[in-house]
Amino acid sequence: MKKKFILKFLTGTAFNVIMGVILASMVGISPAYGAASGIVVPMLLKGFMPAGAAMEGVYTEVWTGELVRQLGAGLTASFLDGIPDYSARVNNEIIHLVDVGADPDVLVNNTTYPIPIQNLEENDIPIGLDKFQTKATRVTDDQLYAISYDKFSLDVERHRNAIDRIRYKKAAHALAPYSHTHPGKTPVIPASGEVDATGRKKLTLKDIIALKRALDNAEVPEDGRRLVLCPDHVNDLLEQDQSFKDKFYNYTSGKLLNMYGFQIYTFINCPYYTKEGVKVPYNQTPGETDLKGSFVFYVPRMFRAQGSTKMYYSAAATSPQTQESLVNFRHYYIVLPKKQEAIGAIYSWDGTTVQKKDQEVPTEKRWAQVRREAVAAARAKAAPEGTDSKTDEIEP
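Rules used throughout
Residues numbered from 1 in each chain as written. Predicted model: local features only at pLDDT ≥ 70, side-chain atom pairs only at ≥ 80, totals over all residues. Heavy atoms only, no water. pLDDT = per-residue confidence, 0-100. Contact = heavy atoms within 4.5 Å. 1 Å grid on protein atoms, 1.4 Å probe; cavity = no way out; pocket = protein on both sides within 12 Å on 5 of 7 lines; lining within 4 Å. Points joined across faces, edges and corners; volume = space filled by probe spheres on them. Helix = DSSP H or I, 4+ residues; strand = E, 2+ residues; numbered from the N terminus. Nonpolar A, V, L, I, M, F, W, Y, C, P; charged D, E, K, R; others polar. Salt bridge = Lys/Arg side-chain N within 4 Å of Asp/Glu carboxyl O. Buried < 20%, exposed > 50% of the residue type's maximum accessible area, 1.4 Å probe, protein only. Pairing = 2+ DSSP bridges. Axes fitted to C-alpha atoms, helices over the stretch in contact; angles between N-to-C directions. Polar contact = N/O pair within 3.5 Å; in protein donor to acceptor, adjacent residues only side chain to side chain. Core = buried A, V, L, I, M, F, W, Y, C linked by side-chain atoms within 4.5 Å. Phe/Tyr/Trp six-rings, centres within 6.5 Å; stacked < 30°, edge-to-face > 60°. Lys NZ or Arg CZ within 6 Å of the ring centre and 35° of its normal.

## A short note on the confidence of the model for the chain
Alright, step 1. For the chain, mean pLDDT is 83; residues scoring 70 or higher make up 77% of the total.
Alright, step 2. Contacts of residues 44-65 to residues separated by more than four positions or lying in other chains number 36 contacts, the stretch itself having pLDDT below 50.

Spelled out as structure tokens, the structure:
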């Protein structure tokens, strides 16, 4: 930043000196006087100086260099740490998983030969990554000359933060079950505490134990169970008696400690559940009675994958009318359970509504499918009746 200021200073001062020499020659006086005037006069008439000249006082005096940015919740997602990363397997923004099905049967103290042959089924599961795009933002040349910080770098950081916030929120939503299913592959436990002033049932330790019991019954391995608590549920636990806080609360970090075999994490953008215990779809606005829930997953059964990231940029030099640069980003990312099992949730409710179970999980379209459907629709619209016309491919 200091080098930038010095460069602007020297450039602006040189401009003043040259103009002084030219004007002096035109009126028939010594060029030396013109050069001196190019420095002294602008110092006395600050408002007429070009940006970067000596004693520049236009616009920059309103900036202190201290940047006050909007608070960004959900920019970190440590609960994703340790989830198997399959980014190396991504091809054309699609990842292929293999469903190996059931394990082979085991014979104990067998005396019958030949041993029976068992076929193991394997199925290919292609999964398209989600596409995240930011809207283009502008940076004008006037702004670059008038401010005292690196606006372009700051804007790039803001684009990155915006994508992180949304992709982590979508990851949390994907790791939570849609509803309670039998025989307990995705347990969804209603909170059983007292009703608070808003009519919401509070989370209790008994609810966490009930979730543990459900995972035990589903034979989910103990090592690798990760419970992500929403803000309301964290506060519910902190309102427990002092003995709980002494045992499970770190007063230095302000975080809850692991308990009952769960790795404990917190996340501010946990998914919403209805009072019937059904997860609100990601693209649907939560209703007035919908509340954030906490979710649990078995780390080895989840996966994440990151595809390509591309920055789009148009320089101000290519836009003579507006003299502004435009920038935005496109990024591919996905976090999902490998199968709809070894995940669970706890939700708050009103204490009277009957829980809905075994609800059909709505199909969620990802970018690969959305793109195919968009191309097909564009071709159908462009083709004359009775023909099969092709259109240009949509941007990846």
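## Re empty space enclosed by the protein
Alright, step 1. The final tally for this structure, using the stated rule, is 1 cavity of 30 Å³ or more.
Alright, step 2. As a volume, the largest cavity reaches approximately 50 Å³.
Alright, step 3. Lining of the largest cavity is provided by Asp130, Phe132, Arg167, Lys170, Ala171, Ala174, Tyr333, Ile334, Val335 and Arg366.
Alright, step 4. Contributions of two or more residues to the lining of the largest cavity are made by strand E3 (130-133), helix H4 (151-174) and strand E14 (324-337).
Alright, step 5. Sorting elements by how many residues they give to the lining of the largest cavity places H4 first, with 4 residues.
Alright, step 6. Split into classes, the residues belonging to the lining of the largest cavity amount to 6 nonpolar, no polar and 4 charged.

## Let's talk about the pattern of salt bridges
Pairing between side chains of opposite charge can happen when the charged atoms of each approach one another.
Alright, step 1. Here the structure, examined in full by the defined rule, presents 17 salt bridges.
Alright, step 2. Across the pair lysine 151 and aspartate 155 runs a salt bridge whose closest N-O atoms are separated by 3.4 Å. With a gap of 4 residues between them, lysine 151 and aspartate 155 both fall in helix H4, about one helical turn apart.
Alright, step 3. With relative accessibility at 12%, the residue lysine 151 sits in the buried group.
Alright, step 4. Of the charged contacts, one joins aspartate 236 and arginine 200 as a salt bridge, the two residues approaching to 2.8 Å between their closest N and O atoms. Highlighted residues: aspartate 236 in helix H6 (residues 231-238) and arginine 200 in the loop between strand E5 (188-190) and helix H5 (205-217), separated in sequence by 36 residues. The residues aspartate 236 and arginine 200 share a single accessibility class, namely buried.
Alright, step 5. Three or more residues joined by partner-sharing salt bridges are found here, namely Asp130, Lys170, Glu364 and Arg366.

## Examining the sheet that holds E5
Alright, step 1. Strand order across the open sheet formed by 5 strands is E5-E15-E12-E6-E9, with mixed pairing between neighbours. In the strand order of this sheet, the two ends are held by E5 and strand E9 (263-266), each with one partner. This sheet shows a mean twist of 20° between the axes of neighbouring strands, independent of strand direction.
Alright, step 2. Inspection of the sheet shows strand E6 (residues 225-229) paired to E9 by 4 bridges, in the parallel sense. What sits directly across from arginine 226, in E9, is glutamine 263.
Alright, step 3. Most of the contacts of H5 go to E6, to which it runs at about 145°, and overall it touches E5, E6, strand E12 (294-298) and strand E15 (343-347).
Alright, step 4. Where H6 meets the sheet, its contacts fall on E6, E9, E12 and E15, and the angle it forms with E6 comes to roughly 95°.

## A look at the side chain of aspartate 196
Alright, step 1. Assignment of secondary structure puts aspartate 196 in the loop between E5 and H5.
Alright, step 2. You can call aspartate 196 buried: its relative accessible area is 19%.
Alright, step 3. For aspartate 196, the side chain forms a polar contact with the main-chain nitrogen of arginine 200, separated by 2.9 Å.

## Brief notes about the nonpolar core
Alright, step 1. Of all hydrophobic cores here, the largest spans 29 residues; its most connected members are Phe79, Leu80, Leu175, Phe267, Phe295 and Phe297.
Alright, step 2. Core analysis: the next-biggest nonpolar cluster, separate from the first, contains 22 residues, Leu211, Leu215, Leu229 and Phe244 among them.

## Remarks on unusual backbone geometry
Alright, step 1. Here the bond from histidine 182 into proline 183 is cis, since omega is 5°, no more than 30 degrees from zero.
Alright, step 2. Its place among the elements puts proline 183 in the loop between H4 and E5.

## Regarding the layout of surface pockets
Alright, step 1. Empty space within the largest pocket amounts to approximately 1100 Å³.
Alright, step 2. Along the wall of the largest pocket there are 37 residues; nearest its centre are Leu336, Thr363, Glu364, Lys365 and Arg366.
Alright, step 3. Of all the secondary structure elements, the ones that give two or more residues to the lining of the largest pocket are strand E1 (94-99), strand E2 (123-128), E3, H4, E14 and helix H8 (367-382).
Alright, step 4. Among the elements that take part in the lining of the largest pocket, H8 stands out by supplying 5 residues, more than any other.
Alright, step 5. Taken together, the residues that form the lining of the largest pocket break down as 20 nonpolar, 7 polar and 10 charged.

## Quick notes on the packing of aromatic side chains
What characterises a pair of aromatic rings is the spacing of the ring centres plus the angle enclosed by the ring planes.
Alright, step 1. A full pass over the atoms with the stated rule returns 8 aromatic pairs.
Alright, step 2. Plain terms: the ring middles of tyrosine 249 and tyrosine 251 are 4.9 Å apart, the flat faces sit at 85° to each other, and that makes the pair edge-to-face.
Alright, step 3. According to the relative accessible area criterion, tyrosine 249 is buried, its value standing at 19%.
Alright, step 4. When the centroid spacing of 6.4 Å and the interplanar angle of 25° are considered together, the rings of tyrosine 273 and tyrosine 347 count as stacked. In this pair, tyrosine 273 sits in strand E10 (residues 272-273) while tyrosine 347 sits in strand E15, placing the two residues 74 residues apart along the sequence. Just as tyrosine 273 is buried, tyrosine 347 falls in that class too.
Alright, step 5. Chaining the aromatic ring pairs together yields one cluster made of Phe79, Phe267, Phe295 and Phe297.
Alright, step 6. Lysine 131 extends its terminal NZ or CZ atom over the ring of tryptophan 367, reaching a point 3.4 Å from the ring centre.
Alright, step 7. Here the basic side chain of arginine 167 rests over the ring of tyrosine 333, its NZ or CZ set 4.3 Å away from the ring centre.

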